Structure formats: structure tokens, C-alpha cells
Amino acid sequence: MSYNAEHDHASDPHKACVSLVPIFNHLEDTQLAEIMVTTQSVSYKKNELIYHAGDESDSLYIINKGRVRIYRLAESGKEQLVRFLNPGDFTGEMALFSESTHESYAEAVMDTKICMIKRADIQEFLLKYPSISLKVLAEFSNRLEASEKQATRFSTEKVETRIALFLVESLSEEKTGENELILPMSKKDLASYLGTTPETISRKFNELEDKGYIKQITHKIIRIQDVDGLLLV
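Everything quoted here is computed from the prediction, not taken from an experiment.

**Remarks on the packing of aromatic side chains**
In this structure the tally under the stated criterion is three aromatic pairs. Directly above the aromatic system of phenylalanine 84 lies the positively charged group of arginine 67, at a separation of 4.3 Å from the ring centroid. Directly above the aromatic system of phenylalanine 90 lies the positively charged group of arginine 143, at a separation of 4.7 Å from the ring centroid.

**Let's talk about the packing of helix H6 (residues 159–173) against helix H8 (residues 198–210)**
At a minimum axis separation of 10 Å, H6 and H8 run at an interaxial angle of 75°. It follows from the interaxial angle that H6 and H8 lie roughly perpendicular. In contact with Val159, Glu160, Ile163 and Leu167 of H6, H8 contributes Thr200, Ile201, Lys204, Phe205 and Leu208. In terms of residue class, the contact of H6 with H8 is made up of six nonpolar, one polar and two charged.

**Topic: the sheet that holds strand E4 (residues 59–65)**
Within the open sheet, the four strands sit side by side as E1-E10-E4-E7. Their pairing is antiparallel. The open sheet is flanked by strand E1 (40–44) and strand E7 (90–91), the only strands paired with a single partner. Relative to strand E10 (residues 112–118), E1 runs antiparallel, the two being bridged by five bridges. Residue pairing across strands places serine 41 opposite cysteine 115, the latter belonging to E10. Packing of helix H4 (residues 119–128) onto the sheet brings it into contact with E4 and E10, and relative to E10 it is tilted by some 70°.

**What to know about the environment of tyrosine 44**
Turning to its location among the elements, tyrosine 44 is positioned in strand E1. Remark: the alpha-carbon pair of tyrosine 44 and proline 198, spanning 154 residues in sequence, is separated by 27 Å. Once residues within four sequence positions are removed from consideration, tyrosine 44 is found in contact with Leu49, Ile50, Ala108, Met110, Asp111, Thr112, Ile114 and Met116.

Cut-off values and rules
- Residues numbered from 1 in each chain as written.
- Predicted model: local features only at pLDDT ≥ 70, side-chain atom pairs only at ≥ 80, totals over all residues.
- Heavy atoms only, no water.
- Phe/Tyr/Trp six-rings, centres within 6.5 Å; stacked < 30°, edge-to-face > 60°.
- Lys NZ or Arg CZ within 6 Å of the ring centre and 35° of its normal.
- Axes fitted to C-alpha atoms, helices over the stretch in contact; angles between N-to-C directions.
- Helix = DSSP H or I, 4+ residues; strand = E, 2+ residues; numbered from the N terminus.
- Parallel < 35°, antiparallel > 145°, perpendicular 65-115°, else oblique.
- Contact = heavy atoms within 4.5 Å.
- Nonpolar A, V, L, I, M, F, W, Y, C, P; charged D, E, K, R; others polar.
- Pairing = 2+ DSSP bridges.

As far as function goes, none of this settles anything; it's purely spatial.
See below:
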């Protein structure tokens, strides 16, 4: 497909969005252009819900700017954080394969811009470009592994061990300086993610600090002072 400079300029936001995503960023420009034509941009304000559990799942949602939290509600009404999505991440992937409804909630953590692609369009691309399917399967595999790891820790590890392992793993992803990291979520969300309460998170952080494993620089910045010690908690 060929497209002129005016079309390219108008599609820049979509191109920036689509080219960010690992399932698309290996494609050639002409192939990306095909996908861009089917993409719709939608903006959400902070705390606005992008979709609810029970809503029809008929689109792939790609995070262009901002941040999204995915969570579920138990029958008791208790919230369970599933994951955070950053620019380049996507959700609504079940719509790729069948008609279904969302089982979770997606909420904008800050002002967020989403690129949406309808099921019929994305299915056409999956058939046309098998490499996309392989990338999607790789992402599914990563998410399944993360979910299994989280479930195993819930059932086998004590709370302080879950917190310690989370901090060590976050150090490699959220590192800002020499053994320092920025907590990727609030303590309320961290508690939900690790299956405990915000009060317990705060208490355990203080205990880990008293033992010399960590130093709380601010409420968001943590210095890991003894990585090996944390791994043995």
C-alpha cells in the first residue's frame, strides 16, 4: 500500500502507537501503514474506566501514552490487581480469537491515550502476517508464566518473602541509580498485587529497613542495601 506525505503526517499518532507494540514493531512500513488505517485513537482521563468486567471484548487496546491498571473483583468485592500496562503494552487480547466478554477491569492511572483495533481487522492481519501470531503467542506465554509465578507465591510464600522478591525483581526493571528503584505502583496497589493489606506492606517495609535490607528514601524510592539478604527473607 502506498500513501502520501499528508496521509503519513495525519497518521503519525497511530504510527507512533502501532510501531511501539512488540507484536507489530517487526513489520515493514507498508505493513504498519495497513494496520494504521484500521486504528482508532481514544483518550481517557485519570481514573476513567476503559472497560468493565462483563463488557463485550471486541477490540485490541494498545497503550500509546499513559498507564493502565488491570484488576479483577472477587465475589466479596475485594480487588485483585492483575498487572499494569505501559506504552507499547496491550490488553483485550482475548478478542483476537473469539467473541467473549472482559473478565477484568481496565482503568487509566493517568491521562491515557489508547489505540483500538477491532477484532475483524486484527484477525485479518493475523492471517495475513503469521509473524504477528507468533509474537502474540510469546506475549501470552510471558503473561501465563507471570500469573503462575504469582499464584505459586500466594500459596507457598509468606508475605515478607513476596515483598522481598518483588523488590529484587523490580530493581532490574525500575532502577534509577545505584541499587535504587522507584516503586512501580502505590502501596495500596502493591498490597492488592501481593495479596495483603496496605498496613501490612508499610509494616513489613519498616521491618526490612530495621534489619538493614532496604532504605526508604521517599515513599516511592527504595534503596536495596542487601540483595542477597532479601533473597533469603
